[in-house]
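# Survey of secondary and tertiary structure
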Amino acid sequence: MKLNKDQIRQFADEGWIFLPECFSEDEVAVLKAEAENIYNEDRPEVWRETSGAPRTAFAAHTYNEAFSILGRHPRLIEPLEQVFNEKVYMHQYKINAKAKFTGDVWQWHQDYGTWARDDGMPEPRAMNIAVFLDEVFPFNGPLMLIPQSHKHGVLDAGHDTSTTSYPLWTLSEDAVENLVDQGGLIAQTGKPGGVLMFHGNLVHGSAGNITPFPRKIVYLTLNAVSNYIRKPTREEWIAHQDFTPIESCADNALQAYAQAYLQKSA
Ligand SMILES: O=C(O)CCC(=O)C(=O)O
């Protein structure tokens, strides 16, 4: 899947684009079922909120077939190869739960700020491409983005290791207020199967989820191969050190897997 001129322009100007209806109902159904299975496992890659609810599952592409196919899917890989003009590898892979009633906040941050400081990534030539598994409403903790904030480079940040179970380099309230004055603020809602891609320096965060509606989103962090990380400090399954370029699977691979899976479980 290639981005068109308008999408490329919006990405350059605003720092994000949303692509609705990228994955079918069957494809999403399988990923949702498998995400729940993973959250029920007791494994180090599954991090939990203080309530015990799942917060995120790392590296599912390395131990789950459906998420492995998603991690090689051309609808996600090709747009990033197009933007970076080279092959990409998987820097990080997360299935964020934002569980019903207890899903916790993600403080205001830039992804590249963490990749640079914690992983020694040389340039912001990596980014998150996110697949919505549940409907994202205005009220179940949508991702909030500050348009155009990617144009400010890496901003000052403090290392917050206490607010949630996930340490993050977070921005000050003053910095966020200034950026919102300039670029505004959007909350990206959308149906399951939609895809959001956003620049590594775009400032974003999300509020807690006190509704009965879970909000699962899968994030593939794809890095340009030449921009491989130089000084890793985190576990291999958080910031991968296998820099092998991803070869995309067939466009129908996940659909075929989903049909077989759904027939078996019917
Ligand atoms: O899932 C969310 O609400 C936020 C995730 C996020 O900001 C991140 O992974 O960097």
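Attention in this report is confined to the structure presented alongside it. Source: prediction; values computed, not measured. (Residues numbered from 1 in each chain as written. Predicted model: local features only at pLDDT ≥ 70, side-chain atom pairs only at ≥ 80, totals over all residues. Heavy atoms only, no water.)

### Overview of a negative patch on the surface
On the surface, a cluster of negative charge is contributed by Glu173, Asp174, Glu177 and Asp181. Mapped onto the secondary structure, Asp174 falls in helix α6 (residues 173-183). On the accessibility criterion, Asp174 (56% relative accessible area) is exposed. (Patch = residues over 30% accessible without salt bridge, like charges linked within 9 Å, V, L, I, M, F, W, Y side chains within 5 Å. Areas by Shrake-Rupley, 256 points an atom, 1.4 Å probe, with all protein chains shown as cover. Salt bridge = Lys/Arg side-chain N within 4 Å of Asp/Glu carboxyl O. Lys, Arg positive; Asp, Glu negative; His and termini not counted. Charge placed at Lys NZ, Arg CZ, Asp CG, Glu CD. Helix = DSSP H or I, 4+ residues; strand = E, 2+ residues; numbered from the N terminus. Buried < 20%, exposed > 50% of the residue type's maximum accessible area, 1.4 Å probe, protein only.)

### Points about the side chain of His91
Tracing the backbone through its elements, the reader meets His91 in strand β4 (residues 88-96). Overall, His91 belongs to the buried group, its relative accessible area being 0%. A polar side-chain atom of His91 sits 2.9 Å from a polar atom in the side chain of Asp119. (Polar contact = N/O pair within 3.5 Å; in protein donor to acceptor, adjacent residues only side chain to side chain.)

### Focus on the nonpolar core
What tends to happen in soluble globular proteins is that the nonpolar side chains get buried as a cluster. Within the largest apolar cluster, 42 residues are counted, with the highest numbers of intra-cluster contacts made by Phe23, Phe67, Leu70, Ile95, Val218, Leu220 and Leu222. Among the elements that take part in this core, helix α2 (residues 25-39) stands out by supplying six residues, more than any other. For Phe23, the residues in contact, after removing those within four places along its chain, are Val28, Leu70, His73, Arg75, Leu76, Val131, Gly193, Val195 and Leu254. (Core = buried A, V, L, I, M, F, W, Y, C linked by side-chain atoms within 4.5 Å. Contact = heavy atoms within 4.5 Å.)

Keep in mind these numbers describe shape, not what the thing actually does.
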